[in-house]
Amino acid sequence: MKYILVTGSTGDLGSCICEQLALREDYHLLLLVRAQSLNKVRFVVDSLEMRGRKIDSLRSVKSRVTVFCGDIRRENFGLKVGEYSRLVNLVDEVYHAAAEIGFNLTLEEVRNTNVGGCENIVAFIKDSNKVSKLHYISTTFVLGDSEKTLAENSLDLGQRFNNSYERSKYEAEKYLSRSLSGDANIFRTSILTGKFEDGSIKNFKLLYEAMRLFSRGVVEIFPGSKRVRHNIIPVDIAAMAIVLIAESKCEPSTYHIISPNTVNCYDLLKNAAKYFGYCNPRWIKPSEFKSRRISSIQRRIIEPFVPFFSYKGRYSADYTEKILKDLGFAIPKVGVDYVNRLFQYMNKVGYIKKKHSLS
Ligand SMILES: NC(=O)c1ccc[n+]([C@@H]2O[C@H](COP(=O)([O-])OP(=O)(O)OC[C@H]3O[C@@H](n4cnc5c(N)ncnc54)[C@H](OP(=O)(O)O)[C@@H]3O)[C@@H](O)[C@H]2O)c1
């Protein structure tokens, strides 16, 4: 049996990674979960079990999952001595997906989780003489405000950061390469969106939050470029690619888990407004926006989203594409049908409700 520690299993990507790993009968998953999220992890484990049952002859998933109640910010994850040494002696491999994602948190808050969490994971690996691989989930947003193209083998491009989240993920990568001398897989994913087949997602973030904000008519004007493009990737597809590479014989490296195409954000927002029946704010140039009068509350609400809609960064994924191709996997393009499935799911769960037409 191979024992795999997963952090962030109650989150979107972590739970999809667990779905992939649970398909292997010779894997036992050890999930590190915060006390406040023990209810959430029960749902995750139940859904792993249900998926498993659909596959004939797959040995019960539940019997291959153990939950540890801990917090990545704390030394030894806050586990009791006995529990920590049990974990240290068990684990063969680590997927570290837990992170604080919010764009409007203080640097201290995100550093504690995103950098401090990595420090505790590295300490854990050093305490163990068994862990052979670390798979760390990063983000293409380590590129910050740079307008250059981020390649898998680059990190320092003279960037400054649009928010504390980006900075903390950059610092975490720096820390990992210093402390493990490149001996870990780093998976930089682009923006994670709903699952490919049904658009479902657990935590609505970033692009979703922007759509909801606009649907509520909080602002009449918004500073952004109509040409802004972003790379979005279905979260389950990202997890498949990550696990496939992680399980391959490839040397530890940095990978870009991104879609082969980008989406124009202005068009996406326009389609969302049409689908749900609301009016987007009028898009104006960022340079014109500075002189516009909007209330300080409005400014505070929209501020975290502003850099996102004037973004000029680009990523290349030549190395990752080659590796995935060799492994027989291609990340699908994201098209209009997929984006509609995202809207349908948001409507279904009431994240944004479609307005009924009177006619
Ligand atoms: N979302 C994106 O668009 C995106 C894009 C690029 C990269 N990424 C990266 O992908 C990874 C997963 O993101 P996601 O979208 O799946 O995030 P998510 O849905 O917000 O999940 C975050 C996970 O981290 C856990 N966590 C947070 N703080 C923790 C702590 N102190 N101790 C233990 N667990 C903690 C959360 O647990 P609780 O349930 O207790 O909150 C949750 O399971 C992150 O590393 C993120 O930086 C995300």
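An account of the accompanying structure is given in this report. (Residues numbered from 1 in each chain as written. Predicted model: local features only at pLDDT ≥ 70, side-chain atom pairs only at ≥ 80, totals over all residues.)

Points about the pairing of strand β3 (residues 65–69)
Right, on to step 1. Both strand β2 (residues 27–33) and β3 contribute to a ladder of 5 bridges, which runs parallel. When the bridges of β3 are listed, Leu 30 appears paired with Thr 66.
Right, on to step 2. You can see the chain leave β2, run along helix α2 (residues 38–54) and come back into β3, and the turn it takes is right-handed. (Pairing = 2+ DSSP bridges. Helix = DSSP H or I, 4+ residues; strand = E, 2+ residues; numbered from the N terminus. Right-handed = clockwise from strand over helix to strand, strands pointing away.)

So, the packing of helix α4 (residues 107–114) against helix α6 (residues 164–180)
Right, on to step 1. One way to put it is that α4 packs onto α6 with a least axis distance of 9 Å and a crossing angle of 35°. When you trace α4 past α6, the crossing you get is right-handed. Here Leu 107, Val 110, Arg 111 and Asn 114 of α4 lie close against α6, whose contacting residues are Ser 164, Tyr 165, Arg 167, Ser 168, Lys 169 and Ala 172.
Right, on to step 2. In terms of residue class, the contact of α4 with α6 is built from 4 nonpolar, 3 polar and 3 charged. (Axes fitted to C-alpha atoms, helices over the stretch in contact; angles between N-to-C directions. Left-handed = near helix turned anticlockwise from the far one by under 90°. Contact = placed C-beta atoms within 7 Å. Nonpolar A, V, L, I, M, F, W, Y, C, P; charged D, E, K, R; others polar.)

Quick look at the nonpolar core
Note that soluble globular proteins tend to have their nonpolar side chains buried in a common cluster.
Right, on to step 1. In this structure, Ile 17, Leu 29, Ala 238 and Ile 242 are the most contacted members of the largest nonpolar core, which totals 84 residues.
Right, on to step 2. Of all the elements, helix α8 (residues 235–247) adds the most residues to this core, at 10 residues.
Right, on to step 3. The contacts of Ala 238, once residues within four sequence positions are left out, are Leu 13, Thr 189, Leu 192, Ile 233 and Ile 257.
Right, on to step 4. If you look at the next biggest cluster of nonpolar residues, it comprises 6 residues, including Phe 141, Val 142, Leu 143 and Tyr 170. (Core = buried A, V, L, I, M, F, W, Y, C linked by C-beta atoms within 7 Å. Buried ≥ 20, exposed ≤ 12 C-beta atoms within 10 Å, placed from the backbone.)

A short note on the environment of Cys 18
Right, on to step 1. Structurally, Cys 18 can be placed in helix α1 (residues 12–21).
Right, on to step 2. Sequence separation of Cys 18 and Leu 48 is 30 residues, and the distance between their C-alpha atoms is 7.8 Å.
Right, on to step 3. Not counting the four nearest positions on each side in its chain, Cys 18 is found in contact with Val 6, Ser 9, Leu 29, Val 44 and Leu 48.

Here's the deal with the sheet that holds strand β5 (residues 133–139)
Two pairing modes exist for strands in a sheet, parallel and antiparallel, and in both the strands are linked by backbone hydrogen bonds.
Right, on to step 1. Strand order in this open sheet of 7 strands is β3-β2-β1-β4-β5-β7-β12, and the pairing throughout is parallel. Looking at which strands have only one partner, the edges of the open sheet turn out to be β3 and β12 (254–257). Across this sheet, the average inter-strand angle for adjacent strands is 20°, counted without regard to direction.
Right, on to step 2. Sheet contacts for α1: β1 (2–7), β2, β4 (93–96) and β5; angle to β1, the most-contacted strand, approximately 165°.

Regarding α6
Right, on to step 1. Its 17 residues give α6 an end-to-end C-alpha distance of 24 Å, which sits within 8% of 24 Å, the value for a rise of 1.5 Å per residue.
Right, on to step 2. Buried residues of α6: Ser 164, Tyr 165, Glu 166, Arg 167, Ser 168, Lys 169, Tyr 170, Ala 172, Glu 173 and Leu 176, and no others.
Right, on to step 3. For α6, the elements touching its buried residues are α4, α5 (116–127), β5 and β7 (185–189). (Expected span 1.5 Å × (residues − 1).)

Side note on the pairing of β5
Right, on to step 1. With 6 of its 7 residues buried, β5 lies for the most part within the structure.
Right, on to step 2. Relative to β5, β4 is paired through 4 bridges, and the arrangement is parallel. In the sheet register, Val 94 faces β5, and the bridge partner there is Leu 134.
Right, on to step 3. Examined bridge by bridge, β5 and β7 share 5 bridges and lie parallel to one another. Looking at β7, one finds that Ile 137 is bridged to Phe 187.

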